[in-house]
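Given next are the chains, with one letter for each unit.
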Amino acid sequence: MWRSAARRSSQIRRLLSSSAPQAGAGAAVPGPCIVHKRGNVILHDPWYNKDTAFPMTERDRLGLRGLLPPRVMSFEQQYERFRNSFRSLELNRLHDRNETLYYRVLIDNIKDFAPIIYTPTVGLVCENYSGLFRRPCGMYFSAKDKGEMMSMIYNWPAEKVDMIVVTDGSRILGLGDLGVQGIGIPIGKLDVYVAAAGINPQKVLPIMLDVGTNNEKLLEDKLYLGLRQPRLEGEEYLAVVDEFMEAVHARWPKAVVQFEDFQMKWAFETLQRYRNRFCMFNDDVQGTAGVALAGLLGAVRAQGRPLQDFTNQKIVVVGAGSAGIGVLSMAKQSMLRMPGIHRTGEGHNQFWVLDKDGLITKTRKGLDPAVARFARGYGPDEVPDLHEGDSLVEVVKKVKPHVLLGLSRVGGIFNEEVLKAMKESDSPRPAVFAMSNPTTKAECTPDDVFMHVGENAIFASGSPFSNISLGNGKTGYANQANNMYLFPGIGLGALLSGARHISEDMLQAAAE
Ligand SMILES: NC(=O)c1ccc[n+]([C@@H]2O[C@H](COP(=O)([O-])OP(=O)(O)OC[C@H]3O[C@@H](n4cnc5c(N)ncnc54)[C@H](O)[C@@H]3O)[C@@H](O)[C@H]2O)c1
Ligand SMILES: O=C(O)C[C@H](O)C(=O)O
Ligand SMILES: [Mg+2]
């Protein structure tokens, strides 16, 4: 009986797939198929359910319209999604069961597993953290712990801690304010420290500073694990971070503290506040700058030009946040150190910077001083026919930049028109760096770049993409420009040298 039922069920499934084939599901057997079920009943029937892969015609026919998210996924996309979450779950289980084995697997397979413990999957984990939560990892200091942190820090079981990554969850990748759920980022970054810099996993500590969240959805979410209050601001906020830094320093004076995914105003403020008092750095400002500068210098080399020619590169940066301004500051510093640049000095401006309101010029009101340094409208090399607020495509068409670099959090903003304009770049090898994370926020894909800019283009992205076959046996390389190529070295270097501070010169040297 059981066998005939099983045979019948597999026949039904094959027949169903012939009437409404699920792409990639295997060979379909032609023949009729009558489904008497409708609506939710089908969605709860494992024989018939295709979830998001139901095409629109079937959704209409089976009364499913409105019962599924609007986007139709292919079977391959569903498969990939499952495989990713399956693997990340397996990895988590291994982490919980046997850390030695977990790190062995990670070190041996870092290329395969980086996209899971790190961007893009870590973004998905953070977004769903409260629902996925099984056990804590790292330490949590909240606004409610004021006055207690100095004793709390001794609750951590390890005698010695070398590397700390801390976030306040206010700007997690390009996903915005995720509050306490941002803890996934310090955990992932420290996994990279272990795998890439050989830091002892018992001496790393991920930390969440929960000062509230302004994310309405999370505040209303019953499962949300963080403080249900708006973010602390001003002196109240700084008092929490000060107390935390003092507590860490009291217990582990030699630990390196990496600030990660703080919103722009606090990223800059805390960097200025602590950089001369503690051994710390901000990865989004400084690590990103170092890795982007390495890419910019690499692009000069790829054009067959001497490194000093970097001072003549025209660079359009889209995004004037903590990462964009960090990159601009370091790139400018690097230019000013190059021989011959003294001719034009500080006024030498090879950068065109855009934010959500378009091209930034000196006429813009209320500019942050860090951004104002890069506003157009002064110096001998001004392009005359560009104006405040001009669009990206206008800027690219008129400037014909050597490099187009995105740190905007806007997926797809380097659209076909923009990339076709990049084809007219003054560089024989136009470079496009789509550095926003995770993948959904990437300004463009390598396919877009090699199709619209051409085979000579240089492409790099913050989240990983696969190389592209260009035909004729040629490959379009999808390089990765992510601060993970720099921060493990910065932390390890600081630890080994016993540095008391992390200076701009150290970061510059790392990039070069
Ligand atoms: N690849 C890496 O190593 C790396 C490192 C750090 C940050 N990032 C990514 O960079 C992105 C930005 O990070 P951030 O900390 O600077 O964020 P941020 O919020 O501080 O800055 C974002 C900037 O983009 C601008 N912007 C928004 N919409 C725009 C539009 N339509 N056109 C032009 N500009 C627009 C905003 O005005 C702002 O200046 C994030 O996605 C982050 O994941 C990548
Ligand atoms: O976390 C990353 O992948 C890089 C960077 O720090 C970011 O904030 O996007
Ligand atoms: Mg970051």
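Parameters at a glance
- Residues numbered from 1 in each chain as written.
- Chains lettered and ligands numbered in written order.
- Predicted model: local features only at pLDDT ≥ 70, side-chain atom pairs only at ≥ 80, totals over all residues.
- Heavy atoms only, no water.
- UniProt positions renumbered as here; feature names shortened; annotations may be inferred.
- Near = heavy atom within 4 Å.
- Polar contact = N/O pair within 3.5 Å; in protein donor to acceptor, adjacent residues only side chain to side chain.
- Areas by Shrake-Rupley, 256 points an atom, 1.4 Å probe, with all protein chains shown as cover.
- 1 Å grid on protein atoms, 1.4 Å probe; cavity = no way out; pocket = protein on both sides within 12 Å on 5 of 7 lines; lining within 4 Å.
- Sits in = over half its atoms within 2 Å of the grid points.
- Helix = DSSP H or I, 4+ residues; strand = E, 2+ residues; numbered from the N terminus.
- Core = buried A, V, L, I, M, F, W, Y, C linked by side-chain atoms within 4.5 Å.
- Buried < 20%, exposed > 50% of the residue type's maximum accessible area, 1.4 Å probe, protein only.
- Domains from an automatic or database assignment.
- Contact = heavy atoms within 4.5 Å.
- Salt bridge = Lys/Arg side-chain N within 4 Å of Asp/Glu carboxyl O.
- Donors = N, O, S within 2.8 Å, 3.2 Å for Na, K, Ca; no water.

Under the annotation held in an unreviewed UniProt entry, the chain carries the name Malic enzyme and is attributed to Panicum virgatum. Comment text from UniProt for the chain, heading Sequence similarities (unreviewed entry), reads "Belongs to the malic enzymes family."

Thoughts on the site of ligand 1
Taken together, 27 residues lie around ligand 1, and Arg 171, Thr 288, Ser 322, Arg 409 and Asn 483 are the ones closest in. Within the contact set of ligand 1, a nitrogen atom lies 3.0 Å away from a backbone nitrogen or oxygen of Met 435. Backbone polar atom of Ala 481 to a nitrogen atom of ligand 1: 3.0 Å apart, as the coordinates give it. When ligand 1 is considered free in solution it has 870 Å² of accessible area, and contact with the protein chains removes 86% of it. Comparing atom positions with the cavity grids shows ligand 1 to sit within the second largest pocket. Taken together, the elements giving at least two residues each to the shell around ligand 1 come down to α14 (283-302), α15 (322-336) and β7 (351-355).

Remarks on the nonpolar core
If you look at soluble globular proteins, the nonpolar side chains tend to sit buried side by side. Ranked by internal contacts, the top residues of the largest apolar core, which has 104 residues, are Phe 310 and Leu 405. Considering every element that reaches this core, the biggest residue donor is α14, with nine residues. Structurally, this core is a two-domain feature, drawing no fewer than three residues from each of domain 2 (85-278) and domain 3 (287-485). With near-sequence residues (within four places) excluded, Phe 310 lies in contact with Leu 293, Leu 296, Leu 297, Val 300, Ile 315, Ala 331, Ser 334, Met 335 and Met 338. Core analysis: the second largest hydrophobic core is formed by 28 residues, Trp 352, Phe 414, Cys 444 and Phe 450 among them.

Comments concerning the pattern of salt bridges
Per the counting criterion, the structure on display carries 24 salt bridges. Close ionic contact of Arg 275 with Glu 504 constitutes a salt bridge, the shortest N to O distance being 2.9 Å. Note that Arg 275 is positioned in the loop between α13 (264-274) and β5 (280-282) and Glu 504 in helix α21 (residues 504-511), a separation of 229 residues in sequence. Among the residues examined, Arg 275 registers a relative accessible area of 13% and is labelled buried. Take Glu 504: its relative accessible area is 27%, and that puts it in the partly exposed class. Among the salt bridges present, the one from Arg 305 reaches Asp 309, with a minimum N-O distance of 3.5 Å. The class for Arg 305 is partly exposed, based on a relative accessible area of 31%. Salt bridges sharing partners connect three or more residues here, namely Asp 355, Lys 356, Asp 357, Arg 364 and Glu 388.

Let's talk about the coordination of the magnesium ion (ligand 3)
Here the magnesium ion (ligand 3) is held by Glu 260 (OE), Asp 261 (OD) and Asp 284 (OD), and the distances to it run 2.0 to 2.1 Å. Positions of the donor residues of the magnesium ion (ligand 3) along the chain correspond to the pattern E-D-x22-D. Judged by its relative accessible area of 2%, Asp 261 falls in the buried class.

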